[in-house]
Amino acid sequence: QQQVKQSPQSLIVQKGGIPIINCAYENTAFDYFPWYQQFPGKGPALLIAIRPDVSEKKEGRFTISFNKSAKQFSLHIMDSQPGDSATYFCAASMGRKLIFGQGTELSVKP
Amino acid sequence: DAGVIQSPRHEVTEMGQEVTLRCKPISGHDYLFWYRQTMMRGLELLIYFNNNVPIDDSGMPEDRFSAKMPNASFSTLKIQPSEPRDSAVYFCASSSTGGNQPQHFGDGTRLSIL
């Protein structure tokens, strides 16, 4: 019940494409859903986050879609660029504890 | 502003040795978290502190692991004795008080136990 399942494990898109990363959770007590971006040799950095009372949130080229009834949420990256190549983690939190998905390694080809 | 600072960045040591990882959180942040990242298990929360007090250590794998936060600007994660299965990247993160404040991660310590 504490797990967050993330897919796909890896993703390759062409520049300008729209990669979509999906996550699912079971525990309805989760109250905050952030996405983190991690580059090699660096720590994860917060990209965008959403609360369960909102169905969509956009920040620049990044959009989270949230389906509370299905207990699923996803990250869309519009007009993807080679500089977006990184590992992306979804997460869910209860209080201060973050439960991370397994990560998606994204490669954006020029 | 300085971010979360971890040291050392890399540590290679032999099985059985004591390992100490260090973390300096962002000034003013009163929550500090220790995570471990491996290919098999992903990013796992080990322990977190609030105002230097350990709040939840349920993620600490076993008694060989211990963490302390003697003051608001310093924390350590110690492994004694170390084992090859402890090889991982260990991250420290900090956040400020208030609802859903983002956690700011350091760049991690890559630990290899031979």
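Structural data are supplied above this passage.
The paragraphs below set out a description of the structure included in this document. Quantities reported herein were computed from a predicted structural model and do not represent experimental measurements. (Residues numbered from 1 in each chain as written. Chains lettered and ligands numbered in written order. Predicted model: local features only at pLDDT ≥ 70, side-chain atom pairs only at ≥ 80, totals over all residues. Heavy atoms only, no water.)

Describing the overall build of chain B
Move 1: Helix and strand counts for chain B stand at zero helices and eleven strands.
Move 2: Each helix and strand of chain B, ordered N terminal to C terminal, gives the series β-β-β-β-β-β-β-β-β-β-β.
Move 3: Along the first, second and third principal axes, the C-alpha atoms of chain B reach 40 × 30 × 25 Å.
Move 4: Expressed as a percentage of its 114 residues, the buried residues of chain B come to 46%.
Move 5: Intrachain contacts of chain B at a sequence separation of at least 6 include 53% that bridge at least 24 residues.
Move 6: Of the roughly 5700 Å² that chain B leaves accessible, carbon and sulfur atoms contribute 48%.
Move 7: Taking the average location of the 10 positive side-chain charges in chain B and that of its 13 negative ones, the two points are 3 Å from each other. (Helix = DSSP H or I, 4+ residues; strand = E, 2+ residues; numbered from the N terminus. Buried < 20%, exposed > 50% of the residue type's maximum accessible area, 1.4 Å probe, protein only. Contact = heavy atoms within 4.5 Å. Areas by Shrake-Rupley, 256 points an atom, 1.4 Å probe, with all protein chains shown as cover. Lys, Arg positive; Asp, Glu negative; His and termini not counted. Charge placed at Lys NZ, Arg CZ, Asp CG, Glu CD.)

Digging into the sheet that holds strand S7 (residues 65–71) of chain B
All names here are of chain B.
Move 1: An order of S1-S3-S8-S7 is seen for the four strands of this open sheet, with the pairing classed as antiparallel. The open sheet has two edge strands with one neighbour each: strand S1 (5–7) and S7. On average, each strand axis in the sheet is tilted by 15° relative to the strand beside it, whichever way the strands run. (Pairing = 2+ DSSP bridges. Axes fitted to C-alpha atoms, helices over the stretch in contact; angles between N-to-C directions.)

Re the interface of chain A and chain B
Move 1: Residue-level contacts link 17 residues of chain A with 27 residues of chain B.
Move 2: Summing the contributions of chain A and of chain B, the shared interface buries around 1700 Å²; its carbon and sulfur component is 47%.
Move 3: Linking chain A with chain B are two salt bridges.
Move 4: Taking the shortest distance from any N to any O, the salt bridge between B:Asp107 and A:Lys42 comes out at 3.5 Å. (Buried area = accessible area lost by both parts, 1.4 Å probe. Salt bridge = Lys/Arg side-chain N within 4 Å of Asp/Glu carboxyl O.)

Things to note about the pattern of salt bridges
Two side chains that carry opposite charge are able to pair once their charged atoms sit near each other.
Move 1: Per the counting criterion, the structure on display carries 13 salt bridges over all chains.
Move 2: With a closest N to O distance of 3.0 Å, A:Lys97 and B:Asp56 form a salt bridge. Pair noted here: A:Lys97 is in strand S10 (residues 97–100) and B:Asp56 is in strand S6 (residues 53–56), and the two residues belong to different chains.
Move 3: Owing to a relative accessible area of 24%, A:Lys97 belongs among the partly exposed residues under this scheme.
Move 4: The class for B:Asp56 is buried, based on a relative accessible area of 16%.
Move 5: B:Glu83 is the salt-bridge partner of B:Arg85, the closest N and O atoms lying 2.6 Å from each other.
Move 6: Each of B:Glu62, B:Arg64, B:Glu83, B:Arg85 and B:Asp86 takes part in salt bridges that share partners, so that together they form one network.

Observations regarding the pairing of strand S5 (residues 45–50) of chain A
Residues and elements named next belong to chain A.
Move 1: The pairing of strand S4 (residues 33–38) with S5 spans five bridges and is classified as antiparallel. Looking at S5, one finds that Pro34 is bridged to Ala49.
Move 2: Between S4 and S5, which pair antiparallel in sequence order, lie six residues; one of them, Gly41, sits at a positive phi of approximately 80°.

Let's talk about the sheet that holds strand S7 (residues 62–67) of chain A
Across a sheet, paired strands are connected by hydrogen bonds in the backbone, their directions being either parallel or antiparallel.
All names here are of chain A.
Move 1: The strand order across the open sheet formed by five strands is S1-S3-S8-S7-S6, and the pairing between neighbours is antiparallel. Either end of the sheet is taken by a strand with one partner, and the two such strands are strand S1 (4–7) and strand S6 (56–59). Strand-to-strand twist of the sheet, defined as the mean angle between neighbouring strand axes without regard to direction, takes the value 15°.
Move 2: Looking at chain direction, S1 and strand S3 (residues 20–25) are connected through four bridges and run antiparallel. When the bridges of S3 are listed, Gln6 appears paired with Cys23.

Re the state of the cysteines
Move 1: Counting across every chain of the model gives two disulfides over all chains.
Move 2: Here A:Cys23 pairs with A:Cys90 through a disulfide, and the sulfurs are 1.9 Å apart. On the S-S bond that ties A:Cys23 to A:Cys90, the torsion sits near -100°, and the link is left-handed. With A:Cys23 in strand S3 and A:Cys90 in strand S9 (residues 86–94), the pair connects residues that are 67 residues apart, well separated along the chain.
Move 3: Judged by its relative accessible area of 3%, A:Cys23 falls in the buried class.
Move 4: On the basis of relative accessibility, which here comes to 0%, the residue A:Cys90 falls in the buried class.
Move 5: There is a disulfide in this structure between B:Cys23 and B:Cys92, and the S-S distance comes to 1.9 Å. Between B:Cys23 and B:Cys92, the S-S dihedral sits near -65°, and the bridge is therefore left-handed. Highlighted residues: B:Cys23 in strand S3 (residues 19–24) and B:Cys92 in strand S9 (residues 88–95), separated in sequence by 69 residues. For the pair B:Cys23 and B:Cys92, a shared accessibility class is recorded, and that class is buried. (Disulfide = S-S within 2.5 Å.)

Shape is all these values report; function is a separate question.
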